[in-house]
Amino acid sequence: MIRIIIGTAAAAALAACSATAGPKPKSAASDAPAKKGPGKNKGYDHNPYPSTYKPYPGVPTLLTNVTILDGEGGKIERGAVLFRDGKIVEVGQSIAAPEGATVIDGAGKYVTPGIIDVHSHLGDYPTPSVSAHSDGNEATGPVTPEVWAEHSVWPQDPGFSRALANGGVTTLQILPGSANLFGGRGVTLKNVYARTMQGMKFPGAPYGLKMACGENPKRVYGGKGRMPSTRMGNIAVDRQTWARAQDYKKRWDRYEENGGEPPARDMAMDTLRGVLAGEIIVHNHCYRADEMAIVLDMAKEFGYKVGTFHHAVEAYKIADLLKANGTCAAVWADWWGFKMESYDAVSENLAILEREGACGMIHSDDANGIQRLNQEIAKVRAAAKRAGFVIPEEIAWKWAAITPAKALGIDQVTGSLKAGKMADVVLWNGNPFSVYTRPEKVWVDGALLFDMHNPKLRPVSDFELGQPGSGDVK
Amino acid sequence: MKKLLIAAAAMGAAFPAAAQTVAVTNARLVVGDGSAPVEGGTVVVRDGRVVAAGANVSVPAGVPVVDAGGRWVTPGLFAGFSRVGIVEVDGVSETDDSAAGGSPFNAAIDVSPAVNPKTSAITVNRAEGITRAVVAPEARGSVFAGQGAIIDLGVDMDAVSKPRAFQFMVYGEEGGRRAGGSRPAAIAMLKNILFEVRDYARAPASFADRGKDALLTRADAQALVPVVTGQVPLLVHVERASDILVVLDLKREVPALKLVLVGANEGWTVARQIAAAKVPVLASALSDLPASFEQLAATQSNIGRMQAAGVLVGIGMINDDEARQARLIKQYAGNLVALTKVPGASGLDWGQAFATISSRPAEAMGVGGDYGSLRPGRRGDVVVWDGDPLEIGTAAVRVFIDGVEQPIETRQDQLRKRYFDPKEGALPKAYQR
């Protein structure tokens, strides 16, 4: 079960009490209870770089006469959505406009929750792609759970604006790359420009851990003449690392409960302890069916859960296994053939998962692809229909909404148009499954942050200011 | 809609080469010249060439008829720039014939012998209506990469439609890298190579071939003669506005040069100059990020703005997808139409957008008389679609190349069938075919 980390800093009381080993000295205090430890999860700060994101101001807004895909499998034709003070207030067939609300007639248009992309390298492999900005893979060793993608995120990446304006993306997870077996922590961001990474950080979102199986780690490290250089080497290093993590967890759990000398602090092991404790979600890059099956067994061996396999090109071959394990797959519509492990891609991958009742979602892993995720899920829907499996629009939209929200542990607060949730909303200028449609307006927490009809609501990052093409419609 | 399924063993044999005469009737017909579709259209192909295509075309006696049932019928799509057919798996270097870093040759390199009609990319892209492709080598030790070809994506073993169809050169950041570290070094290399080509052309027998110590072997010089005489186009990968102007300026030095720009992400900022020089462009589509300092002004409106300025522009794919995903050009073209509804953006109407993946890239390559449209005399590449070919999810139902119907089942179809129900039955999956 994933716990949400509260936005305020957790107590960092490191009690330096000493455990008494022998009989207590006789004194007035001799009947006092033995010194307890600092308490569960209080041994060190679990949220030392907290989010400072604050929603921007908005106005009460009512969309009417619009086709609603609520992101959880619901569809309303010619319906209404009302949001105010950053939250969805009501979604229904017809809603009376409150006094002073901005009313937008959505005739011929669609409204959906903002798209959520669970796999992006915006910020840590930003554009321009120069080596000074190449911060996504700490490829100096295969086991780096101590690095956190957020410490590489450049908030001025122009890619964020494209994802917003062309793609309708309002939330995204920035992950380390896949050179390493343990790549490091990911971070979930609101797609809202800020001066600092903390200013973009999604408040209260749990952390992710990026792992990778398959060709990349063994190619990168085999090429350096070190382990892993084979798939069996990949798993061996993984297992040894989890064993160390279990030991670390035991020592810290014991200290937090009983007190005494705190064990030595290890940033890498902190992350893995978080996974074992169910606080940090595993996002595992893995293409081949057989390798995913091995990883699922490894997770059982060490008592952790794989949240989502990423890319999972062969997920369709083991849809039943993924469903039985409650593990999701985040996939592309039609990438194939660039590596041996992507050779068996089929366009119906996500559709087969849906049909088998397994958890599947779309993802981009690409600064261009993130601008067209609505088109990518349209491809899957069409391929499925040709294969004899009809997936309604409102079901397919889950792949870009509630399902990635759940995968990121933020589905209580976003990922669907439901009363009480964050008003992360996209008004599309047509049917979003069509190549001819684009986002018309995008709101994050009820603030209008993109409007295709208003050049002032088109963000330009610091980098692009004053450059050729600055301020252009991209 | 039914894809034409054939037994794997019979692939090729079920589609005799003799069947080059066919008429497709009852079509929502797209000719591919920039005009809008017409209803009730007919295409007649005889001996592999289009005889007529339009609304009031009669079918001669004895010609087999394919009734399109009102569906969209278009010319086969023309991939303006790609590496389809010379790469199987990008990450497996033995299967990648696009570049040779250890070779002493550059301009002489000819991709045509490497084109393999059995490449997965050819089957997958044919199945989505791509019938011809420009296939280019990659540069390594020089600014010149070698001689590219125009291929067809048919199932038969004769894949090369036009060998040594163009020379490919790189400028900009990549050109600088190939020439030792800077753009001026690339220009110096180019100028020196041009001197040597002129020497070779004047007296081939006495050209001093210094082998791998030279910038240019005899074979490379020979390959460049038709480039400097304008018989063969020179495709140049260039992105930055100032670099484009430098490339256009090469025509002052070599007036016969038939230049074609590839990529040209900042082309819109110097569109007037490109149009005035009458140089066609095979532009990247939907490139809108400042991926490098050469493309700071990149915008999806690039193609629309160049077209509006009078540039002949088709879509070319020069990116990570170039070896396998030519089929995406339909999605790119559809997106250019979407831009017409975005204030401040420059898009293309449907007919113009379709032309960027059919007639225009063929014209840019100087082969518009043979490919890319259903105008009379062109090769009989015809596709029947189950919907608007630019819309997401439309499938090619029937594909003809040179009037010969093509199989369009891929190994991905076979994988899907095997795993549509993932569980094993009475036998392992390996027995399920």
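(A) Quick look at the overall build of chain B. Along its length, chain B carries 11 helices and 16 strands. Radius of gyration (C-alpha) of chain B: 22 Å, near the 22 Å computed for a compact globule of 433 residues. Its C-alpha atoms give chain B principal-axis dimensions of about 60 × 50 × 45 Å. Buried residues in chain B amount to 60% of all 433 residues. Once local pairs closer than 6 in sequence are excluded, the contacts in chain B between residues at least 24 apart make up 67%. Summing over all exposed atoms, chain B offers an accessible surface of approximately 15700 Å²; the carbon and sulfur share of this is 52%. Charged side chains of chain B number 45 positive and 45 negative; the gap between the two group centres comes to 2 Å.

(B) Examining the interface of chain B and chain A more closely. Between chain B and chain A, the contact holds 57 residues from the first and 56 residues from the second. When the two sides are added together, the surface that chain B and chain A hide from each other amounts to roughly 4800 Å², 56% of it contributed by carbon and sulfur. Considering only the surface of chain B that becomes buried against chain A, Leu289(B), Ile392(B) and Phe420(B) emerge as the three largest contributors, covering 14% of it. Across the contact surface, chain B and chain A share four salt bridges. With a closest N to O distance of 2.7 Å, Arg411(B) and Asp344(A) form a salt bridge. The tally of links between chain B and chain A comes to 30 residue pairs in polar contact (both at pLDDT 80 or more). Counting residues per element, the ones that place at least two in the side of chain B that touches chain A are helix H1 (120–126), helix H8 (329–338) and helix H11 (411–419) of chain B. Residues that form the side of chain B that touches chain A fall into these classes: 29 nonpolar, 14 polar and 14 charged.

(C) The packing of aromatic side chains, seen in detail. All names here are of chain A. In the structure shown here, the tally under the stated rule is 24 aromatic pairs over all chains. For the ring pair Trp252 and Tyr255, a centre distance of 5.4 Å and an interplane angle of 90 degrees mean the geometry is edge-to-face. A residue pair is termed a helical-turn pair when its members lie 3 or 4 positions apart in one helix, as Trp252 and Tyr255 do in helix H3 (residues 231–258) at three residues. With respect to burial, Trp252 and Tyr255 carry one shared label: buried. Chaining the aromatic ring pairs together yields one cluster made of Tyr44, Tyr248, Trp252 and Tyr255.

(D) Layout of the pairing of strand E14 (residues 425–428) of chain A. Residue and element names in this part refer to chain A. Neither face of E14 is exposed, since Val425 and Leu427 on one face and Val426 and Trp428 on the opposite face are all buried. Of the pairings in the sheet, the one linking strand E5 (residues 110–113) to E14 comprises four bridges and is antiparallel in character. Bridge assignment links Val111 to a residue of E14, and that residue is Leu427. Where E14 lies against strand E15 (residues 439–444), four bridges are found, and the strand directions are antiparallel. Note that in E15 the partner of Val426 across the bridge is Val442.

(E) Region of the structure containing helix H5 (residues 241–253) of chain B. Of the positions making up H5(B), those classed as buried are Ala241(B), Asp243(B), Ile244(B), Val247(B), Leu248(B) and Leu250(B). On its buried face, H5(B) is in contact with strand E9 (160–170), helix H2 (172–178), helix H3 (183–202), strand E10 (234–238), strand E11 (259–263) and helix H6 (271–276) of chain B.

(F) Quick look at the state of the cysteines. Residues and elements named next belong to chain A. Scanning all chains against the criterion turns up two disulfides over all chains. Here Cys213 is linked by a disulfide to Cys286, with a sulfur-sulfur distance of 2.0 Å. Because the torsion about its S-S bond is 95 degrees, the bridge between Cys213 and Cys286 counts as right-handed. Of this pair, Cys213 sits in the loop between strand E9 (208–212) and helix H2 (215–222) while Cys286 sits in strand E10 (residues 281–286), and the two are 73 residues apart along the sequence. Neither Cys213 nor Cys286 differs from the other in exposure class; each is buried. At a sulfur-sulfur separation of 2.1 Å, the disulfide partner of Cys328 is Cys359. Its S-S torsion of approximately 90 degrees makes the covalent link between Cys328 and Cys359 right-handed. Taken together, the positions of Cys328 in strand E12 (residues 328–331) and Cys359 in the loop between helix H7 (349–355) and strand E13 (360–362) put the pair 31 residues apart, joining distant regions of the chain. Exposure remark for Cys328: the relative accessible area of 11% places this residue in the buried category. Sequence-ordered numbering of the bonded cysteines in chain A gives a disulfide pattern of 1-2, 3-4.

(G) Spotlight on helix H4 (residues 218–228) of chain B. All names here are of chain B. Looking at H4, one finds that the buried residues are Asp220, Ala221, Ala223, Leu224, Val225, Val227 and Val228. On its buried side, H4 packs onto strand E8 (144–152), E9, H3 and E10. Residue Gly230 follows H4 closely and has a positive phi angle near 80 degrees.

(H) Quick peek at the sheet that holds E10(A). Residue and element names in this part refer to chain A. Read from one edge of the open sheet, eight strands run E6-E7-E8-E9-E10-E11-E12-E13, paired in mixed fashion. Two strands in the sheet have a free side with no partner beyond their single neighbour: strand E6 (115–120) and E13. Neighbour-to-neighbour, the strand axes of this sheet turn through a mean angle of 25 degrees, independent of strand direction. Sheet topology note: the E10/strand E11 (residues 306–311) ladder contains five bridges and is parallel. The residue of E11 that forms the bridge with His285 is His310.

(I) Examining the sheet that holds strand E12 (residues 281–283) of chain B more closely. Residue and element names in this part refer to chain B. Spatial strand order, E6-E7-E8-E9-E10-E11-E12-E13: eight strands in an open sheet with mixed pairing. One side of each edge strand has no neighbouring strand; the edge strands of this open sheet are strand E6 (77–82) and strand E13 (313–315). For this sheet, the mean angle separating the axes of adjacent strands, direction not counted, is 25 degrees. As paired elements, E6 and strand E7 (residues 130–135) share four bridges and run parallel to each other. The residue of E7 that forms the bridge with Ser82 is Val135.

(J) Spatial organisation of the side chain of Ser287(B). All names here are of chain B. With respect to the secondary-structure elements, Ser287 resides in the loop between E12 and helix H7 (302–308). For Ser287, a relative accessible area of 15% corresponds to the buried category. Residue contacts for Ser287: discarding those within four places in its chain leaves Asn265, Gln295, Ala298, Thr299 and Gln300.

(K) Seen up close, the environment of Val31(B). By the element assignment, Val31(B) lies in the loop between strand E1 (22–29) and strand E2 (38–46). Judged by relative accessible area, which is 14%, Val31(B) ranks as buried.

(L) Representation of the pairing of E11(A) in the model. Residues and elements named next belong to chain A. Among the six residues of E11, six are classified as buried, and the element is accordingly described as predominantly covered. Of the pairings in the sheet, the one linking E11 to E12 comprises three bridges and is parallel in character. Its bridge partner being in E12, Thr308 is matched across the sheet by Cys328. Taken together, E11, helix H6 (residues 319–325) and E12 form a β-α-β motif whose crossover is right-handed.

(M) Focus on the confidence of the model for chain A. In this model, chain A carries a mean pLDDT of 94, and residues with pLDDT of at least 70 account for 93%. Low pLDDT, under 50, characterises residues 1–25 of chain A; the predicted model gives this stretch 39 contacts beyond four residues in sequence or across chains.

(N) Geometry of the confidence of the model for chain B. Of the residues in chain B, 95% reach a pLDDT of 70 or more, and the chain-wide mean stands at 94. Low confidence marks residues 1–16 of chain B, where pLDDT is under 50. Its contacts with residues over four positions away, or in another chain, come to 29 contacts.

(O) Highlighting the environment of Ala212(A). Residues and elements named next belong to chain A. As for its placement among the helices and strands, Ala212 is situated in strand E9. Measuring from C-alpha to C-alpha, the distance between Ala212 and Leu321 comes to 19 Å, with 109 residues separating the pair along the chain. Apart from residues no more than four positions distant in its own chain, Ala212 is found in contact with Ser178, Asn180, Leu181, Pro217, Asn284 and His285.

(P) View of the pattern of salt bridges. Scanning the model with the defined rule gives 56 salt bridges over all chains in all. As a salt-bridge pair, Arg305(B) and Asp472(A) come within 2.8 Å of each other at their nearest N and O atoms. Pair noted here: Arg305(B) is in helix H7 and Asp472(A) is in the segment after strand E16 (447–451), and the two residues belong to different chains. The exposure classification of Arg305(B) matches that of Asp472(A), with both residues buried. Notably, a salt bridge pairs Glu363(B) with Arg375(B), separated by 2.9 Å at the nearest N-O pair. In this pair, Glu363(B) sits in helix H10 (residues 359–364) while Arg375(B) sits in the loop between H10 and strand E14 (382–385), placing the two residues 12 residues apart along the sequence. When its relative accessible area of 31% is taken as the criterion, Glu363(B) is described as partly exposed. The partly exposed category is assigned to Arg375(B), whose relative accessible area is 24%. Linked by salt bridges that have partners in common, Arg231(A), Arg288(A), Asp290(A), Glu291(A), Lys339(A) and Glu341(A) make up one network.

Rules behind the numbers
- All residue numbers here refer to positions counted from 1 along the written sequence of the relevant chain.
- Here every chain gets a letter starting at A, and every ligand a number starting at 1, in the order they are written.
- The model is predicted, so local features are restricted to residues of pLDDT at least 70 and side-chain atom pairs to those at 80 or more, both for listing and for counting; the totals for chains, interfaces and linings are taken over all residues.
- Each side-chain value is worked out from all heavy atoms of the structure, with water and hydrogens disregarded.
- Helical segments are the DSSP runs of H or I of at least four residues, strand segments are the runs of E of at least two, and each set is numbered from the N terminus.
- Computation of the radius of gyration draws on C-alpha atoms, with the globule rule given as 2.2 Å multiplied by the number of residues to the power 0.38.
- The rule is simple: take the accessible area with a 1.4 Å probe, protein chains only, and divide by the maximum for that residue type; under 20% is buried, over 50% is exposed, in between is partly exposed.
- Here, residues are in contact when the closest pair of their heavy atoms is within 4.5 Å.
- Computed with a 1.4 Å probe, the accessible areas rest on the Shrake-Rupley method; for each residue, only the protein chains presented here act as cover.
- His is not counted, nor are the chain ends; Lys and Arg add positive charge and Asp and Glu add negative charge.
- Every charge is mapped onto a representative atom, which is NZ of Lys, CZ of Arg, CG of Asp or CD of Glu.
- Joining two parts hides part of their accessible area as seen by a 1.4 Å probe, and the buried area is that hidden amount summed over both.
- By convention in these notes, a salt bridge is any Lys or Arg side-chain nitrogen within 4 Å of a carboxyl oxygen on Asp or Glu.
- Counting of polar contacts relies on pairs of N or O atoms within 3.5 Å, with two restrictions inside protein: one atom must be capable of donating a hydrogen and the other of accepting it, and residues adjacent in sequence are counted only when both atoms are side-chain atoms.
- For this classification, Asp, Glu, Lys and Arg are treated as charged, while Ala, Val, Leu, Ile, Met, Phe, Trp, Tyr, Cys and Pro are nonpolar and the rest, including Gly, are polar.
- Between the rings of Phe, Tyr and Trp (Trp by its six-membered ring), a pair exists once the centres lie within 6.5 Å; its type follows the angle of the planes, with under 30 degrees stacked, over 60 edge-to-face, and the other angles tilted.
- Strands qualify as paired when DSSP identifies two bridges or more between them.
- Two cysteine sulfur atoms form a disulfide, by the criterion used here, when they sit within 2.5 Å.
- Axes here mean lines fitted to C-alpha atoms, for a helix over just the part in contact, with angles spanning 0 to 180 degrees between N-to-C directions.
- Note on handedness: a crossover is taken as right-handed if, strands pointing away from the viewer, the path from the first strand over the helix to the second is clockwise.
- The predictor's confidence in any single residue is recorded as pLDDT, a number from 0 to 100.

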